Amino acid sequence: MSQLKKKIIIIGAGFGGLQVIKSLGNKENFEILVIDKKNHHLFQPLLYQVATAVLSPADIAIPTRSITTDFKNVKILYGEVTGINFNTREVSFQNHNEKYDYLVIATGAKTSYFGNSQWQSKTLGLKNLKDALAIRKQILLSFEQAELIGDYEKAKSLMHYVIIGGGPTGVELAGSIAELSHNIIRKDLRSIDSGMTKVTLIEAGPRLLNAFSEKSSSFTKEKLESRGVEVLTNSPVLDITDTGVVLKDRTIVSNTIIWAAGVEGSELSQKLSINKDKANRIVVDEFCRTIEYPNVFVIGDAANFSKGLNRPLPGVSPVAMQQGRYVAKIIQSIEKNKTLIPFQYFDKGNMATIGRTDAVAEFGGIRLKGIMGWFGWLFVHLVYQVGFKNKMSTLISWVWSYLTFRAGSRLIQEEANDASIGT
């Protein structure tokens, strides 16, 4: 008599969800259903390069189905989960209901405006391909409009880009926009000098890259400023209007405002009647399970894992990936009646690129900066890209364009929405 298979539903195929899939793929005693409102897995650390026209969407995204082709026990459904009944163990989506034995919520996070939802319509976020393409379109259009006007003074607000948030995303965007305007696109314009472009990075706290050491933070600020980026720290945003950003001591006029200041739990997390923190992340125990339901796991950005820690684990891909592999093991341990070992995160460090030949990287007691930090950043991302895309041609193309300034995906699409399925 064949063993009855246990059904696992995974919501989201990001870094965490994908690790669960890979770890349990082709395990005969499990039936896996993956529900995702996107049809692709996204390499989010390089989203900013799509936003600044270095890479195209296909360089950092791959159809989820193609990743799971060889896993015969894995079924992918393209849809958005609208509700979960934890008592009957049912997931609702696209007018369907599916029962589960185990549920893994890996829905990631969305942009947080810290209670100022009215700012959303006046800014551009960066959480998915749709966001990246919207930013790319706005930046490239601003240059085209400035070229059409042909006068820098009249085009000042068009060529002033404001980024709010001094974390890795804000730093990487600021450096990349500065390079795009001061180097890549500059020689292609005739009526306007894009080297006159102004990039302003605003941080409410006392320094950039708060998760890094003060030395790395100071180095980052210095290198950004050497690239022409204006860095404003201790500058909380008071308001965002149709024409710019209001600070305590001045108003910055700009047509392009990018919000990179914070994240919160996904729309699904907000709907669930379950224990959450102030940022709508679901609180989990030491086994990455919800407090109320031991057969429901939450991983990655959707989770608040703070058991035995001074602060919750950060919303970075290594956390999600380690939790995904861990949850796969825990589910197998439960099925075999084995003792459960609490999750322990192995911190692989932090890194952020400032621009070509400049980055900061910290691994335990090792700190790299400048060219060495950049090589460390480059190595890690290229290794992930090779494994992620499994196409050496894509890797070669990216390295060539990134090192020579001679290429880029500078296409203005009429509708950014059309370039990405789902959000």
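Remember, it's a predicted structure, so these values are computed and weren't measured experimentally.

What counts, and at which threshold
- Residues numbered from 1 in each chain as written.
- Predicted model: local features only at pLDDT ≥ 70, side-chain atom pairs only at ≥ 80, totals over all residues.
- Heavy atoms only, no water.
- Helix = DSSP H or I, 4+ residues; strand = E, 2+ residues; numbered from the N terminus.
- Rg over C-alpha atoms; globule rule 2.2 N^0.38 Å.
- Buried < 20%, exposed > 50% of the residue type's maximum accessible area, 1.4 Å probe, protein only.
- Contact = heavy atoms within 4.5 Å.
- Lys, Arg positive; Asp, Glu negative; His and termini not counted.
- Charge placed at Lys NZ, Arg CZ, Asp CG, Glu CD.
- Axes fitted to C-alpha atoms, helices over the stretch in contact; angles between N-to-C directions.
- Left-handed = near helix turned anticlockwise from the far one by under 90°.
- Nonpolar A, V, L, I, M, F, W, Y, C, P; charged D, E, K, R; others polar.
- Phe/Tyr/Trp six-rings, centres within 6.5 Å; stacked < 30°, edge-to-face > 60°.
- Pairing = 2+ DSSP bridges.
- Salt bridge = Lys/Arg side-chain N within 4 Å of Asp/Glu carboxyl O.
- Expected span 1.5 Å × (residues − 1).
- Patch = residues over 30% accessible without salt bridge, like charges linked within 9 Å, V, L, I, M, F, W, Y side chains within 5 Å.
- Areas by Shrake-Rupley, 256 points an atom, 1.4 Å probe, with all protein chains shown as cover.

Student: How should the overall build of the protein chain be read in this particular structure?
Tutor: The secondary structure content of the protein chain amounts to eleven helices and 24 strands. The C-alpha atoms of the protein chain give 22 Å as radius of gyration, which agrees with the globular expectation for 423 residues (22 Å, within 12%). The dimensions of the protein chain, computed from C-alpha atoms along their principal axes, are 80 × 45 × 45 Å. Counting the 423 residues in the protein chain, one finds 52% classified as buried. For the protein chain, contacts bridging at least 24 residues in sequence account for 65% of all contacts bridging at least 6. Put simply, the protein chain has 50 plus and 40 minus side-chain charges, and the middle of one group is 5 Å from the middle of the other.

Student: In this structure, what is going on with the packing of helix H1 (residues 15-24) against helix H9 (residues 317-335)? I would like to understand it.
Tutor: Packing of H1 against H9 brings their axes to within 7 Å, and their N-to-C directions diverge by 35 degrees. The two elements H1 and H9 cross, and the hand of that crossing is right-handed. Where H1 abuts H9, its residues Phe15, Gly16, Gln19, Val20, Ser23 and Leu24 lie against Ser317, Ala320, Met321, Gly324, Arg325, Ala328 and Gln332. Looking at the contact of H1 with H9 residue by residue, the class counts come to six nonpolar, six polar and one charged.

Student: Can you walk me through the packing of aromatic side chains in this structure?
Tutor: Here the distance between the centres and the angle between the planes together describe a pair of aromatic rings. Here the structure, examined in full by the defined rule, presents nine aromatic pairs. An angle of 80 degrees between the planes, with centres 5.4 Å apart, marks the rings of Phe305 and Phe343 as edge-to-face. Separated by 38 residues along the polypeptide, Phe305 in the loop between strand E21 (303-304) and H9 and Phe343 in the loop between H9 and strand E22 (350-355) bring together distant segments of the chain. Neither Phe305 nor Phe343 differs from the other in exposure class; each is buried. What links up through ring pairs into an aromatic cluster is the set Tyr113, Phe114, Trp119 and Trp259.

Student: Looking at this structure, how should I read the sheet that holds strand E9 (residues 102-105)?
Tutor: The strand order across the open sheet formed by five strands is E5-E2-E1-E9-E20, and the pairing between neighbours is parallel. The open sheet terminates on both sides in strands that have one partner only, identified here as strand E5 (74-78) and strand E20 (296-298). For this sheet the average axis-to-axis angle between neighbouring strands, irrespective of direction, equals 15 degrees. Relative to E5, strand E2 (residues 30-36) runs parallel, the two sharing five bridges. Bridged to Asp36 within E5 is Tyr78. Those strands touched by H1 are strand E1 (6-11), E2, E5 and E9, and its axis lies near 155 degrees from that of E1. Together, E1, E2, E9 and E20 form the strand contacts of H9, whose direction differs from that of E9 by roughly 165 degrees.

Student: Help me out: how do you make sense of the environment of Val231 in this one?
Tutor: For Val231, the position within the fold is in strand E13 (residues 229-232). Residue Val231 is classed as buried on the basis of its relative accessible area, which comes to 9%. Residues Val231 and Gly166, spaced 65 residues apart in sequence, show a C-alpha to C-alpha distance of 8.8 Å. The contact partners of Val231, leaving out residues within four places of it in the chain, are Leu201, Leu208, Lys221, Leu224 and Glu225.

Student: I tried to follow the pattern of salt bridges on my own but got confused; where do I start?
Tutor: Think of it this way: side chains of opposite charge can pair up when their charged atoms draw near. The tally for this structure, following the rule as stated, stands at 16 salt bridges. Put simply, Lys37 and Glu267 hold a salt bridge, and the shortest N to O gap is 3.7 Å. Pair noted here: Lys37 is in the loop between E2 and strand E3 (40-42) and Glu267 is in helix H8 (residues 267-271), with a separation of 230 residues, a long-range link. Ionic pairing is found between Arg227 and Glu179, a salt bridge with its closest N-O pair at 3.6 Å. Within this pair, whereas Arg227 is found in the loop between helix H7 (214-226) and E13, its partner Glu179 is found in helix H6 (residues 168-184), the two being separated by 48 residues in sequence. Exposure remark for Glu179: the relative accessible area of 7% places this residue in the buried category. Several salt bridges share partner residues, and in doing so they unite Glu179, Arg227, Arg356 and Asp358 into one network.

Student: Which parts of the structure should I look at to understand H9?
Tutor: Within an α-helix, residues lying three or four positions from one another point in the same direction, as the helix has 3.6 residues per turn. Taking 1.5 Å as the rise per residue, H9 with 19 residues should run 27 Å; its terminal C-alpha atoms sit 27 Å apart, in good agreement. Within H9, 14 of the 19 residues are buried, which leaves it mostly tucked inside the rest of the structure. Trailing H9 by a residue or two, Asn337 shows a phi angle of about 60 degrees, which is positive.

Student: Sorry, what's going on with the sheet that holds strand E15 (residues 244-246) here?
Tutor: Strand pairs in the sheet, formed through backbone hydrogen bonds, run parallel or antiparallel to each other. Pairing within the open sheet is antiparallel, and its three strands lie in the order E14-E15-E16. The open sheet has two edge strands with one neighbour each: strand E14 (239-240) and strand E16 (251-253). Two strands pair when backbone bridges link them, and E14 and E15 are joined in this way by two bridges, in the antiparallel orientation. Across the sheet, Ile240 pairs through a bridge with Val245, a residue of E15.

Student: What should I look at first to understand a nonpolar patch on the surface in this one?
Tutor: Together, Ile371, Met372 and Phe375 give the surface a local cluster of nonpolar side chains, amounting to about 300 Å² of exposed area. Along the chain, the position of Ile371 falls in helix H10 (residues 370-389). Exposure remark for Ile371: the relative accessible area of 39% places this residue in the partly exposed category.

Student: Is there a simple way to think about unusual backbone geometry in this case?
Tutor: Backbone geometry follows two general trends: most residues other than glycine have a negative phi, and most peptide bonds adopt the trans configuration. One non-glycine residue, Asn95, lies in the positive phi region at around 65 degrees. Among the structural elements, Asn95 can be located in the loop between strand E7 (90-93) and strand E8 (96-99). If you check the backbone angles, Leu209 has positive phi at about 45 degrees while not being a glycine. Among the secondary structure elements, Leu209 is positioned in the loop between strand E12 (198-202) and H7.

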